[in-house]
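Observations on the three-dimensional arrangement
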Amino acid sequence: METSSGFFVICILHSSIALICGCLIMFFLNEISVLGHGIETARKLLGSTPHDQLLVQISNSFAGLLLFAIGYLLFMVAFVKDRAFQSFFAKGCILLHASMALWRVYFERRLEDLAFHWPRQLVGDIVLALSWVFFLVYSWREKYD
């Protein structure tokens with residue numbers, strides 16, 4: 001049975017987003033923080049003492065590395081042709097993005113410094129989850145038509 005190119009396109013799109021964001025977080029954290037949160041909030045997020053700043057920098061570097069690894073994994077998964085795996089993987093990605101959205105609603109909005117930024121990030125999580133939902137709907141339509 002033929003597979004659609006939608007899975008490949010969505011995986012490559014998500015992969016490029018994750019790879020680029022991971023690299024930017026690892027190597028240009030200060031600039032990305034200022035761009036995303038503003039100068040004052042970015043300064044607060046860096047920590048107040050040198051020890052705190054080192055811990056935050058290491059933590060953010062690992063977060064960027066994790067995003068890079070996820071992007072690389074998505075790139076590899078894009079070439080899988082098994083329709084059952086594609087459906088399973090899409091459902092897992094929907095669950096992951098929905099979990100991130102819930103985390104932002106219940107926890108991130110309580111942080112005073114990030115309170116104004118969580119709605120924009122929530123929209124991003126929903127859009128990324130919807131891309132997988134559209135893939136599932138399209139693949140089900142292909143399967144049953």
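For the structure, check the block above.
Keep in mind the model is a prediction, meaning the values are calculated, not measured.

A word on the nonpolar core
Formed by Phe7, Ile10, Cys11, Leu74, Val77, Ala78, Phe89, Ala90, Cys93, Trp132, Phe135 and Leu136, the largest nonpolar core amounts to 12 residues. At the level of elements, α1 (6–27), α4 (50–77), α5 (83–106) and α6 (118–144) are the ones that each hand at least two residues to this core. If we skip the residues at most four places from it in the chain, Leu74 touches Cys11, His14, Ser15, Phe89 and Trp132.

Some thoughts on the state of the cysteines
If you walk through the whole model with that rule in mind, you get 0 disulfides. Cysteine Cys21 shares no disulfide, and the gap to the nearest cysteine sulfur, in Cys23, comes to 9.6 Å. Taking relative accessible area as the criterion, Cys21 reaches 34% and is therefore assigned partly exposed. Take Cys23: its relative accessible area is 30%, and that puts it in the partly exposed class.

Looking at the pattern of salt bridges
Here the structure, examined in full by the defined rule, presents 2 salt bridges. Among the salt bridges present, the one from Lys44 reaches Glu40, with a minimum N-O distance of 3.6 Å. Taken together, the residues span about one helical turn, with Lys44 and Glu40 both in helix α3 (residues 39–45) at a distance of 4 residues. Residue classification places Lys44 among the partly exposed residues on the basis of a relative accessible area of 44%. Measuring nitrogen to oxygen at the nearest pair gives 2.5 Å for the salt bridge that ties Arg104 to Asp125. Taken together, the residues Arg104 in helix α5 and Asp125 in helix α6 connect sequence positions 21 residues apart. As far as the burial class goes, Arg104 and Asp125 line up, both buried.

Calculation notes
Residues numbered from 1 in each chain as written. Predicted model: local features only at pLDDT ≥ 70, side-chain atom pairs only at ≥ 80, totals over all residues. Heavy atoms only, no water. Core = buried A, V, L, I, M, F, W, Y, C linked by side-chain atoms within 4.5 Å. Buried < 20%, exposed > 50% of the residue type's maximum accessible area, 1.4 Å probe, protein only. Helix = DSSP H or I, 4+ residues; strand = E, 2+ residues; numbered from the N terminus. Contact = heavy atoms within 4.5 Å. Disulfide = S-S within 2.5 Å. Salt bridge = Lys/Arg side-chain N within 4 Å of Asp/Glu carboxyl O.

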